[in-house]
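If you want the building blocks of each chain, they are given just below.
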Amino acid sequence: MTLPAAKAPTLKLEQPLDGPAVEILLDHAFGPGRFTKVSERVREIAEFRQDLSFCAWDGERLVGCVRMTRIAIGETEAVFLGPLAVEADVRKFGTGGALVLAACDAARAAGFARVLLVGDEPYFSRFGFSAAPAKDVRLPGPVDQRRVLARALREGGADGLSGRVTAPLP
């Protein structure tokens, strides 16, 4: 039995050795059904950006993660946020939001102008995501279009988003 965290987890950039622990956390959070989702289709064609991906640690225990991948939306470069997973006992610390903001800040610092994700607008709107700028974005599989959300990382970054999500531009 794992005791609840006594303090907010520590966020760190994902490291190569974190991969197996991240996979265990994602399996626990989403189950085997995660491989059937459209977000997984995006990750299959996208370029994983470890330098924009974060892990949340409670001591030696991985309690959260967010991953980012580089994509193209039509002819426009972007990053795709997800998966995002947080253990239930540390959600009270705002761990999910801290991971989202850290990933978006890292993407902005790396020169990206926009982030795309599939998620619940009521949750992600507090971090600047909205379905409106992503209404003309098409993912590589079936998805409820209301759950396709975008966020500008700089002025005008999410304006005019349109087209299919594909592998990153060369």
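Residues numbered from 1 in each chain as written. Predicted model: local features only at pLDDT ≥ 70, side-chain atom pairs only at ≥ 80, totals over all residues. Heavy atoms only, no water.

Here we come to the side chain of Arg114. Here Arg114 shows up in strand E6 (residues 114-118). Although buried, Arg114 forms no salt bridge, and the nearest oppositely charged side chain, Glu77, lies 6.3 Å from it. Among the polar contacts listed, one links the side chain of Arg114 to the backbone oxygen of Glu77, at a separation of 2.5 Å. Excluding residues that lie within four positions of it along the chain, Arg114 makes contacts with Thr76, Glu77, Ala78, Val79, Arg151, Leu153, Gly157 and Leu161. (Helix = DSSP H or I, 4+ residues; strand = E, 2+ residues; numbered from the N terminus. Buried < 20%, exposed > 50% of the residue type's maximum accessible area, 1.4 Å probe, protein only. Lys, Arg positive; Asp, Glu negative; His and termini not counted. Salt bridge = Lys/Arg side-chain N within 4 Å of Asp/Glu carboxyl O. Polar contact = N/O pair within 3.5 Å; in protein donor to acceptor, adjacent residues only side chain to side chain. Contact = heavy atoms within 4.5 Å.)

Pairs may arise between side chains of opposite charge once their charged atoms sit close together. The full count for this structure, using the stated rule, is 15 salt bridges. Asp27 serves as the salt-bridge partner of Arg34, at 3.0 Å between the closest nitrogen and oxygen. Its relative accessible area of 7% is what places Arg34 among the buried residues. With a relative accessible area of 39%, Asp27 lands in the partly exposed category. For Arg70, the salt bridge is made with Glu77, and the minimal N-O distance between the two is 2.9 Å.

Below, the discussion takes up the pairing of strand E8 (residues 148-152). For E8, a buried count of four out of five residues is recorded, marking the element as mostly surrounded by other parts of the structure. Inspection of the sheet shows E6 paired to E8 by five bridges, in the antiparallel sense. Its bridge partner being in E8, Arg114 is matched across the sheet by Ala152. (Pairing = 2+ DSSP bridges.)

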